[in-house]
Amino acid sequence: QVQLVESGGGLVQPGESLRLSCEAPRSINNILVMGWYRQAPGKQRELVAIISKWSNTDYGDSVKGRFTISRDNTKNTVYLQMNSLKPEDTAVYYCGVRMQGSDDYNYWGQGTQVTVSL
């Protein structure tokens, strides 16, 4: 069973920053895409940001200009730098990994809670 280890969530005030990390086992090769998705209570899971092995990126409209995704292929780790956080960013953030040759995500993290509140 492949386990993705997420860290970095927490409680912050509006306007502050957080950095999430997600590490996949070093034994996994051929990761094509690493991504972050989030799910708020009563809402569907939505795209936050994804990054390919060549560092091509895509962002959800609500986070463009505020969040930055990056990746260290040597460590099988993806990061999400979140700046200018808003209360509507409050959600459980999930890390996902899609392998080469796969049409969908193969592995998911357990989720990390991000709460933005006064």
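A brief report on the enclosed structure follows. Here the structure is a predicted model, which is why all the values come from computation and not from measurement.

Brief notes about the packing of aromatic side chains
Counted according to the given criterion, the structure contains 3 aromatic pairs. A ring pair is formed by Tyr37 and Tyr105, whose centres lie 5.4 Å apart and whose planes are at 80°; its orientation type is edge-to-face. Taken as a pair, Tyr37 in strand 4 (residues 31-39) and Tyr105 in the loop between strand 9 (91-99) and strand 10 (107-108) lie far apart in primary sequence, 68 residues in all. Taking the relative accessible area as the measure of exposure, Tyr37 reaches 16% and is therefore buried. Pairing Tyr37 with Trp108 gives two aromatic rings, centres 5.5 Å apart and planes at 75°, and the pair type is edge-to-face. On the criterion of sequence distance, the pair formed by Tyr37 in strand 4 and Trp108 in strand 10 is long-range, its members being 71 residues apart. Under the relative-accessibility criterion, Trp108 is labelled partly exposed at 33%. Ring-pair connections join several aromatic residues into one group, and the members of that group are Tyr37, Tyr105 and Trp108. Note that Arg45 overlies the ring of Tyr94, its terminal NZ or CZ placed 4.0 Å from the centroid. The ring of Trp108 carries Arg45 above its face, with NZ or CZ at 4.8 Å from the centroid.

Observations concerning the nonpolar core
Generally speaking, nonpolar side chains in soluble globular proteins are found buried as a group. Judged by nonpolar contacts, the single largest core of 29 residues is most densely connected at Trp36, Leu80, Met82 and Tyr93. Here the element with the most residues in this core is strand 9; it accounts for 5 residues. For Met82, the contacting residues outside a window of four places in its chain are Glu16, Ser17, Leu18, Leu20, Arg66, Phe67, Tyr93 and Val114.

Reading guide: rules and limits
Residues numbered from 1 in each chain as written. Predicted model: local features only at pLDDT ≥ 70, side-chain atom pairs only at ≥ 80, totals over all residues. Heavy atoms only, no water. Phe/Tyr/Trp six-rings, centres within 6.5 Å; stacked < 30°, edge-to-face > 60°. Helix = DSSP H or I, 4+ residues; strand = E, 2+ residues; numbered from the N terminus. Buried < 20%, exposed > 50% of the residue type's maximum accessible area, 1.4 Å probe, protein only. Lys NZ or Arg CZ within 6 Å of the ring centre and 35° of its normal. Core = buried A, V, L, I, M, F, W, Y, C linked by side-chain atoms within 4.5 Å. Contact = heavy atoms within 4.5 Å.

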